[in-house]
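Residues per chain are reported as follows:
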Amino acid sequence: MKITVFSGSHKGREGNTILMVEEFLKGAEEAGAETENIILAEKDIKSCRGKFECWIKTPGRCTIRDDMDELLPRFMASDIVVFACPVYFDNIPSKMKNFIERLAPVLLPQFEEDETGEYRHAKRYEKYPKFVVISNAGLPGQTNFEVERPFFRRLARTFHTELIAEIYRGEGEVFRGQKNIMLKPLIGKYKKLLRSAGKEIVENQALSEKTIKDLEKPIVPPSLYIKFGNEEWDRLIKECQNE
Ligand SMILES: Cc1cc2nc3c(=O)[nH]c(=O)nc-3n(C[C@H](O)[C@H](O)[C@H](O)COP(=O)(O)O)c2cc1C
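Report follows, based on the coordinates.

Thresholds, definitions, all that
Residues numbered from 1 in each chain as written. Predicted model: local features only at pLDDT ≥ 70, side-chain atom pairs only at ≥ 80, totals over all residues. Heavy atoms only, no water. Helix = DSSP H or I, 4+ residues; strand = E, 2+ residues; numbered from the N terminus. Rg over C-alpha atoms; globule rule 2.2 N^0.38 Å. Contact = heavy atoms within 4.5 Å. Areas by Shrake-Rupley, 256 points an atom, 1.4 Å probe, with all protein chains shown as cover. Lys, Arg positive; Asp, Glu negative; His and termini not counted. Charge placed at Lys NZ, Arg CZ, Asp CG, Glu CD. Pairing = 2+ DSSP bridges. Near = heavy atom within 4 Å. Polar contact = N/O pair within 3.5 Å; in protein donor to acceptor, adjacent residues only side chain to side chain. 1 Å grid on protein atoms, 1.4 Å probe; cavity = no way out; pocket = protein on both sides within 12 Å on 5 of 7 lines; lining within 4 Å. Sits in = over half its atoms within 2 Å of the grid points. Nonpolar A, V, L, I, M, F, W, Y, C, P; charged D, E, K, R; others polar. Axes fitted to C-alpha atoms, helices over the stretch in contact; angles between N-to-C directions. Points joined across faces, edges and corners; volume = space filled by probe spheres on them. Salt bridge = Lys/Arg side-chain N within 4 Å of Asp/Glu carboxyl O. Buried < 20%, exposed > 50% of the residue type's maximum accessible area, 1.4 Å probe, protein only.

For the protein chain, the count of helices and strands is eight helices and seven strands. Its C-alpha atoms give the protein chain a radius of gyration of 19 Å, near enough to 18 Å, the size a compact globule of 243 residues would have. At a minimum sequence separation of 6, the contacts of the protein chain that also span at least 24 residues come to 74%. Approximately 13,100 Å² of the protein chain is accessible, and the part contributed by carbon and sulfur atoms is 55%. One way to put it: in the protein chain the 39 positive side-chain charges average out to a point 2 Å from where the 39 negative ones average out.

Following this line, the structure appears as structure tokens:
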């Protein structure tokens, strides 16, 4: 089984999302998957020009020449594609949105009615990769994903596939405290859960109810996160002003 992650943090390899991805992939690899983590921040992905050229002029191929030339075949050759990104102002970051818009060539332009009576573009290919989403937000709580949740569910429908797992982590900045003696075991417990999730996805193409529930539990109580988080903001601002 081939799992490809498209990581959409603007911070690339420096971010919090990537820590989640790495643990998830460790579990998936232990269960026998072949994995790849593509960092969108390291790629040249220009904006879609919106002219439908990939549907009319050069069917199935975008007329823009950039790194999407190699990313699209890697997307289509995957059994599972993971969209991994932080929340930016309640939504996905522009790098991820830009990448998703450039997926247009894998669909056909023609409209069709789906099994629920809604409309979408028809398939260009017989089979599309299944989707997983991994996201984190700086604020605590699951409500930060109120836009991403329906978005990724609908995106799976648009791309003729299923969203088989959603891993949403509030208080994502907690990962920066990995070395803190109090946080280390709590983060360690969450990382173990991510590895289990990776394994379950390979073995069952789904997460168990227990794993879903455990993954959504706060790593630290929100009131503590807010208190220490604000102290950290103040410290960082002071440190910067004293430089
Ligand atoms: C421009 C910008 C907007 C953000 N908007 C939100 C937001 O709406 N809600 C939230 O909880 N966190 C928000 N965050 C915080 C990030 O989600 C958080 O720092 C996350 O851990 C970053 O992940 P990364 O290190 O993988 O980039 C925002 C961060 C930036 C830079």
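Having seen the model, we can carry on.
On to the pairing of strand 5 (residues 119–123), then. Here strand 4 (residues 107–113) runs beside strand 5; their pairing, made up of four bridges, is antiparallel. Opposite L107, over in strand 5, you have K123 as the bridge partner. Count of turn residues in the strand 4/strand 5 antiparallel hairpin: five residues, of which G117 carries a positive phi of about 90°.

For the rest of this paragraph, the subject is the site of the ligand. Residues in close proximity to the ligand total 16 residues, the closest being S9, K11, T17, N136 and E173. One of the side-chain N or O atoms of S9 is found 2.6 Å from an oxygen atom in the ligand. One of the side-chain nitrogen or oxygen atoms of K11 is found 2.6 Å away from an oxygen atom of the ligand. The cavity where the ligand resides is the largest pocket. When grouped by side-chain class, the residues that make up the shell around the ligand number six nonpolar, seven polar and three charged.

What follows deals with the sheet that holds strand 6 (residues 130–136). Within the open sheet, the five strands sit side by side as 2-1-3-6-7. Their pairing is parallel. Looking along the sheet, the strands with just one partner apiece sit at the ends: strand 2 (34–39) and strand 7 (163–169). The mean inter-strand angle of the sheet, taken between neighbouring strand axes irrespective of direction, is 15°. Both strand 3 (residues 80–86) and strand 6 contribute to a ladder of seven bridges, which runs parallel. Residue pairing for strand 6: F83 is matched across the bridge by V133. Packing against the sheet, helix 4 (residues 94–101) makes contact with strand 1 (2–7) and strand 3, and its axis sits at approximately 150° to strand 3.

Tallying each qualifying case throughout the model produces one cavity of 30 Å³ or more. Considering only enclosed or pocket space, the largest cavity measures out at about 40 Å³ in volume. Lining the largest cavity we find E166, I167, Y168, I212, L215 and E216. Counting residues per element, the ones that place at least two in the lining of the largest cavity are strand 7 and helix 7 (209–216). Partitioning the lining of the largest cavity into residue classes produces four nonpolar, no polar and two charged.

Next up on the list: the pattern of salt bridges. Summed over all chains, the structure comprises 31 salt bridges. The partner of R61 in a salt bridge is D69, and the shortest N-O contact between them spans 3.9 Å. By relative accessible area, D69 is classed as partly exposed at 33%.

Topologically, D69 is positioned in helix 3 (residues 68–76). Spatially, the C-alpha atoms of D69 and I45 are 9.6 Å apart, while their sequence positions differ by 24 residues. Not counting residues within four places of it along the chain, the set of residues in contact with D69 comprises R61 and I64. One polar contact links D69 to R65, side chain to side chain, over a distance of 2.8 Å.

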